[in-house]
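Chain by chain, the residues:
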Amino acid sequence: MTASDVSSTAALAEMRDLIGKEQYHEVGEFPVERSYVWTSCASVENGNPLYWDESVAQELTGGPVAPPSMVSVWFRPHHWAPGRTQEALPLQVHFDLKAALGLPEAVMTDNTIEFHTPVRMGDVLQTHQVLRSVSEEKTTKLGTGRFWVIDVVYANQDGELVAVESYTGFGYRRGEASAS
Amino acid sequence: MSTTVLPQLQLDDVTVGESLPALHYEVTATTVVLGALATRDWRPMHHDKDFAVERNGTQDIFLNTPNQAAWFERYLTDWTGPHGRLARVTFRMKGSVFPGDTMSLTGVVDSTSVDDVGCGFVTVEVTLSVDRDVKTTCAARIALPLNADDNPWARRGDQWRPSP
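Describing the side chain of Thr 77 of chain B
So, point 1. Residue position: Thr 77 of chain B is located in helix α3 (residues 65-80).
So, point 2. Judged by relative accessible area, Thr 77 of chain B falls into the buried class, the value being 6%.
So, point 3. With residues near it in sequence (within four places) discarded, Thr 77 of chain B still touches Asn 46 and Asn 48 of chain A together with Gly 84 and Ile 142 of chain B.

Given below as structure tokens:
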């Protein structure tokens, strides 16, 4: 099997031209809010008093902060918004790669997050995405496709770096592993 | 600054090679869906079993990555208490976690250090497994106070270095 069986050479070159370029500068649709912090904590039964006890938050962090691991949540849009005509997808570069390379399925395999300035209630975060790499064709137990690495850089409204998240995705077609 | 909230764990309480208390949790469809909604991840393989089976080829819906990050954070800060400040985490997904699984989080301290600006750190290798089958690993670096008056959250600018 050649690379062109899975994705066209031109599409691959076009995607690789984007490596290192800042894409999809976005400002969060809504400010960071405490209710969603509690939704997150409840989903994993996180009782850290930093998120539940006002006096602990005041003393340690000068007021409520969001759990660091929630950073990407603030950019995932609500499922619907008035006037929105297109489905908004987080991590758009990932979906661009799937579409351009003709790989209908995808999973995330690795995720690194480095945390900087804490996220506070009322913050309106901004972000951009940077494609770091696209692999040669690989076959795994899921199918045949390509791995890619995407960085998502987050800052607050004052331009302070909040986090850098790095995702490794695998886009693939099912079933080709067993056929080869 | 003197604090009245005493640290639950300080750097010198920690020994390289020590194990963190294990956490066992029975995952249900509700766990998976709650986690997906809490992270605003509307992709159907995290709430629609038919889609997960037919399109993803998995046995059921499965925990999404951002929610697993929240599980790892909770596991680590259960141990450190509120003074523990996450600096960096690296997850590696090896398999999926499905409803009906009992997931176990275990952790081993890999290193302790004090950086050039006097911030204490531990690195912990955390494993999420089901029936001893490793599903996700998390290499975490987390700041701990050096003493009862220290607070890693007070660090700003170049006094906070999340990567060594």
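Next, the rest of the story.
Some remarks on empty space enclosed by the protein
Space left empty within the atom packing is revealed by a probe, the size of a water molecule, rolled over the atoms.
So, point 1. Evaluation of the coordinates by the stated rule reveals three cavities of 30 Å³ or more.
So, point 2. In this structure, the largest cavity spans a volume of roughly 90 Å³.
So, point 3. Considering only residue class, the lining of the largest cavity consists of nine nonpolar, two polar and one charged.
So, point 4. In this model, the second largest cavity occupies a volume close to 40 Å³.

Here's the deal with the interface of chain A and chain B
So, point 1. Taken together, the contact pairs 45 residues of chain A with 46 residues of chain B.
So, point 2. Of the roughly 4000 Å² buried at the junction of chain A and chain B (both faces included), carbon and sulfur atoms supply 50%.
So, point 3. Of all residues in chain A, Val 44, Glu 59 and Leu 60 of chain A bury the most surface against chain B, accounting for 16% of the area lost on that side.
So, point 4. In this structure, the connection of chain A to chain B is made through four salt bridges.
So, point 5. Note that Asp 110 of chain A is salt-bridged to Arg 92 of chain B, the shortest N-O span being 2.8 Å.
So, point 6. On inspection of chain A and its partner chain B, the count reaches 27 residue pairs in polar contact (both at pLDDT 80 or more).
So, point 7. Of all the secondary-structure elements, those providing two or more residues to the side of chain A that touches chain B are α3 (34-43), α4 (49-52), α5 (54-61), β2 (105-115) and β5 (161-174) of chain A.
So, point 8. Of all the elements, β2 of chain A adds the most residues to the side of chain A that touches chain B, at nine residues.
So, point 9. Here the side of chain A that touches chain B is built from residues that sort into 20 nonpolar, 15 polar and ten charged.
So, point 10. Pairing geometry for β2 of chain A and strand β2 (residues 85-93) of chain B, over five bridges, is antiparallel.

Some thoughts on the side chain of Asp 115 of chain B
Residue and element names in this part refer to chain B.
So, point 1. With respect to the helices and strands, the residue Asp 115 is situated in the loop between β3 (102-114) and β4 (120-130).
So, point 2. One buried charged residue, Asp 115, remains without a salt bridge, the closest side chain of opposite sign being Arg 141 at 4.9 Å.
So, point 3. Among the polar contacts listed, one links the side chain of Asp 115 to the backbone nitrogen of Cys 119, at a separation of 2.9 Å.
So, point 4. Setting aside anything within four residues of it in sequence, one finds Asp 115 in contact with Phe 121 and Arg 161.

What counts as what
- Residues numbered from 1 in each chain as written.
- Chains lettered and ligands numbered in written order.
- Predicted model: local features only at pLDDT ≥ 70, side-chain atom pairs only at ≥ 80, totals over all residues.
- Heavy atoms only, no water.
- Helix = DSSP H or I, 4+ residues; strand = E, 2+ residues; numbered from the N terminus.
- Buried < 20%, exposed > 50% of the residue type's maximum accessible area, 1.4 Å probe, protein only.
- Contact = heavy atoms within 4.5 Å.
- 1 Å grid on protein atoms, 1.4 Å probe; cavity = no way out; pocket = protein on both sides within 12 Å on 5 of 7 lines; lining within 4 Å.
- Points joined across faces, edges and corners; volume = space filled by probe spheres on them.
- Nonpolar A, V, L, I, M, F, W, Y, C, P; charged D, E, K, R; others polar.
- Buried area = accessible area lost by both parts, 1.4 Å probe.
- Salt bridge = Lys/Arg side-chain N within 4 Å of Asp/Glu carboxyl O.
- Polar contact = N/O pair within 3.5 Å; in protein donor to acceptor, adjacent residues only side chain to side chain.
- Pairing = 2+ DSSP bridges.
- Lys, Arg positive; Asp, Glu negative; His and termini not counted.

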